[in-house]
Amino acid sequence: MSTIYSMTGYASAARDLPQGTFNLELRSVNHRYLDMQFRLPDELKPLEPGLRETLAGKLMRGKIECRLGLTPPAAGTHLLELNSDLLAQLRRLDHEVRAKLPDSRPLSVADVLRWPGIFGVETLPPEQLRTTCQALLDEALAEFNASRAREGEKLKALLLERVASMEALVEQVKPRIPAAIAAYEEKLGMRLREAMGTNEEERIRQELALFASKIDVDEELSRLATHLAELKRILKQGGAVGKRLDFMMQELNREANTLGSKSVDIEVSRVSMELKVLIEQMREQVQNIE
């Protein structure tokens, strides 16, 4: 039996290096398709394709946000080194700008120290950078999928509870159908005889038979039972079943609506309304399943 995953999840991972602390966060909400967004500083942008490829291979649906950052080491814990090449570029650009715009303010030390990439990242070899980020992503993904699996099990349990409630309603209303149809036929027959006279008995019987076929909901109840059995099978099978479950909600809602529209019994009408309430509750939960 495969796991059912929620599309809502969160995880984080961190790794300390001499250049600073790498932090990676994953968070997701429900979405019809796989939509990935990355929040990376400029100096880490080259890592995005690898992150995107890994996530696309592990996730099926959801709006995923991936954040990756590097926090410089705290003062006193590591000797900071400036990026000399970047510092020289900033100095040259500062001179060029002030030559063309004499009234502009020169870069301050604080401006330079806050500049992206002025510390450390460039001193980390690219291969080590990729390896570190991949390890962080693998660690975060393991936690991320574990949390989604736990949430998925809760959703599965809620759905199965509502399936059981719907099955009980279907079984409750089934025995009422023959008596309800017979009672309505008798009432309708009396009205037809009053309107058409007793000499039209054959035609009255034909009309009653035709009307009985129109109000008989046995087929709808059978299809509801079949859909509920299929729903349980899908939940037991697991995997990426969100879209299939959403389709099943449409089918269940269609049968519940037909049951209500064909009903000639107040109890059947009440059951139809309760079924639709349960289906709507299930539909809200299904929207969160991958």
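Every value quoted in this text rests on a predicted model; they were computed, and no experiment measured them. (Residues numbered from 1 in each chain as written. Predicted model: local features only at pLDDT ≥ 70, side-chain atom pairs only at ≥ 80, totals over all residues. Heavy atoms only, no water.)

Novice: I would appreciate a short explanation of helix 2 (residues 84-100) in the present structure.
Specialist: One full turn of an α-helix is made of 3.6 residues, so residues set three or four places apart face in the same direction. Under the 1.5 Å per step criterion, the end-to-end length of helix 2 is 25 Å for 17 residues, consistent within 8% with the ideal 24 Å. Against the buried residues of helix 2 lie helix 3 (109-113). (Helix = DSSP H or I, 4+ residues; strand = E, 2+ residues; numbered from the N terminus. Expected span 1.5 Å × (residues − 1). Contact = heavy atoms within 4.5 Å.)

Novice: Sorry, what's going on with the layout of surface pockets here?
Specialist: Over the atoms a probe the size of a water molecule is rolled, and this reveals where empty space is left. The computed volume of the largest pocket comes to approximately 200 Å³. Around the largest pocket sit Met7, Asn30, His31, Arg32, Arg61, Gly242, Lys243, Asp246, Val286 and Gln287, which together line it. Take the lining of the largest pocket: its biggest share by element is 3 residues, from helix 8 (residues 242-262). Here the lining of the largest pocket is built from residues that sort into 2 nonpolar, 4 polar and 4 charged. (1 Å grid on protein atoms, 1.4 Å probe; cavity = no way out; pocket = protein on both sides within 12 Å on 5 of 7 lines; lining within 4 Å. Points joined across faces, edges and corners; volume = space filled by probe spheres on them. Nonpolar A, V, L, I, M, F, W, Y, C, P; charged D, E, K, R; others polar.)

Novice: Which parts of the structure should I look at to understand the environment of Ala240?
Specialist: Mapped onto the elements, Ala240 comes out in the loop between helix 7 (218-237) and helix 8. Along the backbone, Ala240 and Glu290 are 50 residues apart, and their C-alpha atoms lie at a distance of 5.3 Å. Leave out the neighbours within four places in its chain, and Ala240 touches Met60 and Glu290.

Novice: Before we go on, may I ask you to explain the sheet that holds strand 4 (residues 62-71) in this structure?
Specialist: The 4 strands are arranged 1-2-4-3 in an open sheet whose pairing can be described as mixed. A strand with exactly one partner marks an edge of an open sheet, and here the two such strands are strand 1 (9-17) and strand 3 (34-39). Strand-to-strand twist across the sheet, computed as the mean angle between neighbouring axes with direction ignored, equals 10°. In the sheet, strand 3 pairs with strand 4 via 6 bridges, with the strands oriented parallel. Within strand 4, the position partnered with Leu34 by the bridge is Gly62. Contacting strand 1, strand 2 (20-29) and strand 4, helix 4 (residues 126-173) crosses the sheet at an angle of about 150° to strand 1. (Pairing = 2+ DSSP bridges. Axes fitted to C-alpha atoms, helices over the stretch in contact; angles between N-to-C directions.)

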